[in-house]
Amino acid sequence: MHIKPKPTPTLKARPGTTEEIFAKTLAGAEALWRETHVESLIERTLQLFSKNFSISSMALLRQNRDRKKITIPISGFDTPSYFDDSRQKIIMGRLNQFQANASDYAEGINSLQIEGRNINFAMLGDNDQDTYVLLWLDSDRPNESTDVAIDFLVRQLQNTYRWFSRMTETQSLLHLDDLTGLYNHRYMDVALDRETKRSLRYGSNFCLLFIDLDNFKPVNDNFGHLAGSQVLREVAAIIRATVRDVDLVFRFGGDEFVVILIEADSATGLRTANRIQERIEQSKFVVAKDAFAQVTSSIGVAAFPEHADEKERLIAIADECMYESKRRGKNQCVLAQVNANYSRATAEKDQKVWPNR
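Quick look at the sheet that holds strand 12 (residues 296-304) now. Pairing is mixed in the open sheet, where five strands are placed in the order 8-9-7-12-13. Looking at strand neighbours, the two that pair on one side only are strand 8 (248-253) and strand 13 (333-335), the edges of this open sheet. In this sheet, neighbouring strand axes are inclined to one another by 20° on average, regardless of whether the strands run parallel or antiparallel. Examined bridge by bridge, strand 8 and strand 9 (residues 256-262) share five bridges and lie antiparallel to one another.

With 17 residues, helix 9 (residues 266-282) should reach 24 Å at 1.5 Å per residue; the first-to-last C-alpha distance of 24 Å fits that figure. Every buried residue belonging to helix 9 is among Ser266, Gly269, Thr272, Ala273, Ile276, Gln277 and Ile280, and all of these are buried. Angular distribution of buried residues about the axis of helix 9 spans 140°; they occupy a single face of the element. Taken together, the buried residues of helix 9 touch strand 7 (206-214), helix 8 (225-242), strand 9, strand 10 (285-288), strand 12 and strand 13.

On to unusual backbone geometry. Glycine aside, the phi torsion of most residues is negative, and most peptide linkages are trans. Following phenylalanine 304, the chain continues to proline 305 via a peptide bond in cis, the omega torsion being 0°. Residue position: proline 305 is located in the loop between strand 12 and helix 10 (311-327). For glutamate 115, which is not glycine, the phi dihedral falls at a positive 55°. Classification of glutamate 115 by relative accessible area gives exposed; the value is 54%. Its identity is not glycine, yet asparagine 215 carries a phi of approximately 55°, on the positive side.

This brings us to the packing of aromatic side chains. For the structure shown, the criterion picks out six aromatic pairs. Between tyrosine 187 and phenylalanine 250 the ring centres are 6.3 Å apart and the planes differ by 40°, which places this aromatic pair in the tilted class. Of the two residues, tyrosine 187 is situated in helix 6 (residues 185-202) and phenylalanine 250 in strand 8; the sequence distance between them amounts to 63 residues. Accessibility assignment for this pair places tyrosine 187 and phenylalanine 250 in one class, buried. Arranged with centres 5.1 Å apart and planes meeting at 15°, the rings of phenylalanine 206 and phenylalanine 304 form a pair that is stacked. You can see phenylalanine 206 sitting in strand 7 and its partner phenylalanine 304 sitting in strand 12, a full 98 residues away along the chain. Each member of the pair phenylalanine 206 and phenylalanine 304 is classed as buried. Pairwise contacts between aromatic rings join Tyr183, Tyr187 and Phe250 into one cluster.

It helps to recall that an α-helix has 3.6 residues per turn; residues three or four apart then point in one direction. With 18 residues, helix 8 ought to run about 26 Å at 1.5 Å a step, and its terminal C-alpha atoms sit 26 Å apart, in line with that. Restricting attention to buried positions, one finds in helix 8 the residues Ala227, Gly228, Ser229, Val231, Leu232, Val235, Ala236, Ile238, Ile239 and Thr242. Against strand 7, helix 7 (217-223), strand 8, strand 9, helix 9 and strand 10 lie the buried residues of helix 8.

All right, on to the pattern of salt bridges then. Here the idea is simple: oppositely charged side chains can pair when their charged atoms come close. The full count for this structure, using the stated rule, is 15 salt bridges. The residue aspartate 247 makes a salt bridge to arginine 244 at a minimum N-O spacing of 2.6 Å. Residue arginine 327 is joined to glutamate 324 by a salt bridge in which the shortest nitrogen-to-oxygen separation is 2.4 Å. Note that arginine 327 and glutamate 324 are positioned in helix 10 at a spacing of three residues, about one turn of the helix. Arginine 327 sits in the partly exposed class, given a relative accessible area of 38%.

Scoring rules and cut-offs
- Residues numbered from 1 in each chain as written.
- Predicted model: local features only at pLDDT ≥ 70, side-chain atom pairs only at ≥ 80, totals over all residues.
- Heavy atoms only, no water.
- Pairing = 2+ DSSP bridges.
- Helix = DSSP H or I, 4+ residues; strand = E, 2+ residues; numbered from the N terminus.
- Axes fitted to C-alpha atoms, helices over the stretch in contact; angles between N-to-C directions.
- Expected span 1.5 Å × (residues − 1).
- Buried < 20%, exposed > 50% of the residue type's maximum accessible area, 1.4 Å probe, protein only.
- Arc of directions from axis to C-beta.
- Contact = heavy atoms within 4.5 Å.
- Phe/Tyr/Trp six-rings, centres within 6.5 Å; stacked < 30°, edge-to-face > 60°.
- Salt bridge = Lys/Arg side-chain N within 4 Å of Asp/Glu carboxyl O.

Listed below in structure tokens is the structure:
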């Protein structure tokens, strides 16, 4: 079995012809694609295949890093009409033989022969990430313009997907806290914007936990900042292990953490906060040879939109509830009250009020 790359076709567009208009239209597509969500981009591109180039049989597969295959439905296509499960299995079996050398055919369009039919395919992604595989049969009305257009669309799709992947990796690094590996304060603002908009649009809710460690300063004073940093890393791991994978955990700064519980009401938020508080209290942190430190946590809990319908207000309420926990003696969780007055001046929230926080 031989997989061969298709040569890149060229189209010589004469001024004033339909080919020139066609080429200019394609040239403008990239600017639009750079503002499109990647999965939507793939589907819209495949719909162009069907609408403009008379391609009737097409499939889009996603192959995870563990080589599990997922068939993704494409709006307007009856994928199993040709690329049924049995043919997909044969095709993916052949492609997997060459997966280690994906660079040999990752760019542009390639083809292979199965059952006497010429099957075109294009790869999005590489071995270090989930890979999309586009499969399609030749156009029912092949011509020079169609070959040029399809090749252009595929290559731009590959370039744009690569750009999205690199941008996502860069953003992930910018949004991570170096010490704990949690999301940082910068990304919390982005996530809260997204969750508030989603909640308002779909009528869902979410909960915000504001966590501050009690008596953390003595750890740094008595054992040094390296020991304090290790405690923070271990606390971050406790919080991360206590919540669901879908929930978001942030290091707000210093010894403060924030958790966004997706689609959770205030009762769920309080239960989760209590679990976090208990697990931190029960943990012993190794800070030196034969030396252990113990810290506790004060946690404020507020729900959107039950307690606030804007993100700044929600943060302020959860923050105030955390300080109320400090006033009550620390090492506990305080749930916000509906219609309560949370207008206390920020200046009053001074560390001097809680000297051993």
